[in-house]
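So you can see what is in the structure, the chains are spelled out below.
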Amino acid sequence: MIKASIKLLNINSNNYRNYFLIIKNKNVLVQSIPLSNNNNIIINNNNYNRVFKRNYNTQPLSSLNIDTQKHQQPKPQLFKNQQNIESSIDPIPSDNSNEDDLEIKDPLIIFNTVWNKLEQKYGANNMRFPQEIILVAGAPGSGKGTNTPFMSSVRGITADPIVMSSLLNNEEAKKIKSSGGMVSDSNVLELFLEELRKPCYRSGVVVDGFPRTNIQVELTNALYEKMKQMRKIYYNTPLAPFFPRPIFRVTVLFVGEKESVDRQLRRGDITRETNVKLKEQGLPLLEERDTDLSEEAARKRYKIFRDHYSTLQTLKKHFPFSIIDASKTLDKVQQSIIKEFKYQSSLELSQETYDLVQRIPLVTDIIQHARVDLITRLDEYQNRHNILFTSVVHVIEKEFLPTIRRQAIAGSAMLRITNSIFSSPLAIDMALDLLSERGFRVTFDIKTTYIPLRIDPTTYEITNLTKQEYQFKLDFEKPAIRDLSQAVKINLN
């Protein structure tokens, strides 16, 4: 029989009290409970009954007679009659039971356990992760190896993608597997977070192959919420830049089953043919995947993807989710990636920044009705300001057009006008609208010059003459004087 008991460890660790279940002399964290300001334990009996019953088949927590009074001693007795605690717990299956049965399946407990472990190892202010995490899943043969680096380049991410299958082949994972263990969701999360902490991923990262299970989906949500919480904690501190608003995206590279199987088998044929040539030359051989050599194996691999895709679907409720048709040509697939990953201020800016910049309309919104608004203004000038409007038209005829005609071949003209009519802002608006309606691209500026006239000998005050010059820069389509191909022929002759 596996003996189990409960004890209290790390009483004041980051304002949490940690409860451990001892199984075969190993401490397994069951739950971390936040402490109130006076160090009293905040207990939710319903939650604890759920945790203990679900994971360890114990009696309800109430039967353990928890003491919720304030603890004055450095090592308080959490349970009365603690020496008899084992008798309060239902027996755990015998020693020959499968160790996997002891794996915790509650995502929140898994996440808190791993997070607290890393926080104690590195410190809370060093729990820094990439702002942008792009989670990618792809059907076999969908071109993940080619397209995940392209996604990184589109988003300006310099680090190589994290490939979970490779990460789970590191020394720590190999040690777990060589000892006969399975790489659990807890192990996967710890390896994943350790990797994400590396400074090379600070600007962002593309992740291939996470999450894969329902529990890992919940762990992804928990990580997102934790990163938002850390942002709030450090928002008004010098460390705020290290805790930006998290951006999570999910992208699926999709191909149908038939296309996937055909691509896998075709890849297998190419690999075999290449290896024959490499072997003849005594060069290292390429890896031959079993799934690329058998149609049945290829179909099984596609089924794994299909099941994984169903799991990922649950993330739609939380993060931007896109599906890219990877059955098209590489160029079209990458055009789709560019479209999906274009800049979106609502996703990438902090909420506070986004709310502020929203006060400035997008240029697309401004120009959408620009033509209709222009016509409305011109009619308004004619109906309500006819004299001034007529005068502006006259000035353009007399002072603008001669210069424009002289520089028509250049497609650009700079006009410096001193006519005082443009001291009126309304007259400037009329000129800009008139020229725009006629097809010119216009920019406008006022240059003010101060010319000294006299100096007061008593106060030394300078009296200036103010002169204003109204500068209109006009750009327009220049004429095609000669076809370039014809000019080349003339020169050759």
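Everything that follows concerns the structure shown earlier in this document.
What you see is a predicted model; the values in this text were computed from it and never measured. (Residues numbered from 1 in each chain as written. Predicted model: local features only at pLDDT ≥ 70, side-chain atom pairs only at ≥ 80, totals over all residues. Heavy atoms only, no water.)

Bringing the sheet that holds strand β9 (residues 412-417) into the picture now. Spatially, the three strands line up as an open sheet ordered β9-β11-β10, and their pairing is antiparallel. Edge strands, defined here as strands with exactly one partner in the open sheet, are β9 and β10 (441-455). Taken pair by pair, the neighbouring strands of this sheet meet at an average axis angle of 20°, ignoring direction. Of the pairings in the sheet, the one linking β9 to strand β11 (residues 462-475) comprises six bridges and is antiparallel in character. Note that in β11 the partner of Ile417 across the bridge is Tyr470. Across the sheet, helix α15 (residues 386-406) is in contact with β9 and β11; its angle to β9 comes to roughly 150°. Of the strands in this sheet, β10 and β11 are in contact with helix α16 (residues 425-437), which crosses β10 at around 145°. (Pairing = 2+ DSSP bridges. Helix = DSSP H or I, 4+ residues; strand = E, 2+ residues; numbered from the N terminus. Axes fitted to C-alpha atoms, helices over the stretch in contact; angles between N-to-C directions. Contact = heavy atoms within 4.5 Å.)

Turning to a nonpolar patch on the surface, a few remarks are in order. The grouping of Val363, Ile366 and Ile367 at the surface amounts to a nonpolar patch, some 300 Å² of accessible area in total. By secondary structure assignment, the location of Ile366 is in helix α13 (residues 363-368). (Patch = residues over 30% accessible without salt bridge, like charges linked within 9 Å, V, L, I, M, F, W, Y side chains within 5 Å. Areas by Shrake-Rupley, 256 points an atom, 1.4 Å probe, with all protein chains shown as cover. Salt bridge = Lys/Arg side-chain N within 4 Å of Asp/Glu carboxyl O.)

With that settled, the discussion passes to the pairing of strand β6 (residues 205-208). On β6, burial covers both faces: Val205 and Val207 on one face and Val206 and Asp208 on the other are all buried. Here four bridges tie strand β4 (residues 132-138) to β6, and the two strands are oriented parallel to one another. Pairing of Ile133 across the sheet is with Val205, part of β6. Bridge count for strand β5 (residues 162-163) against β6 is two bridges, and the pairing is parallel. The residue bridging Val163 from the neighbouring strand is Asp208, located in β6. (Buried < 20%, exposed > 50% of the residue type's maximum accessible area, 1.4 Å probe, protein only.)

Our next topic: the environment of Lys198. By the secondary structure assignment, Lys198 is in the loop between α6 (185-196) and β6. Counting along the chain gives 69 residues from Lys198 to Phe129, while the straight-line C-alpha distance between them is 8.0 Å.

This next bit is on the sheet that holds β4. Read from one edge of the open sheet, five strands run β5-β6-β4-β7-β8, paired in parallel fashion. Pairing within the sheet leaves two strands with one partner each, and these edge strands are β5 and β8 (321-325).

Aromatic ring pairs: the centre-centre distance and the angle between the two ring planes describe each pair. Counted by the stated rule, this structure contains 17 aromatic pairs. Centre to centre, the rings of Phe248 and Phe319 are 5.3 Å apart; their planes meet at 35°, and the pair counts as tilted. Pair noted here: Phe248 is in strand β7 (residues 247-254) and Phe319 is in the loop between α9 (295-312) and β8, with a separation of 71 residues, a long-range link. Since its relative accessible area comes to 4%, Phe248 is described here as buried. Each member of the aromatic cluster is reached from another via a ring pair, and the members are Phe400, Phe422, Phe444, Tyr470 and Phe472. It is Arg128 that lies over the ring of Phe242; its NZ or CZ is 3.9 Å from the centre. If you follow Arg197 out to its NZ or CZ, it ends over the ring of Tyr122, 3.7 Å from the centre. (Phe/Tyr/Trp six-rings, centres within 6.5 Å; stacked < 30°, edge-to-face > 60°. Lys NZ or Arg CZ within 6 Å of the ring centre and 35° of its normal.)

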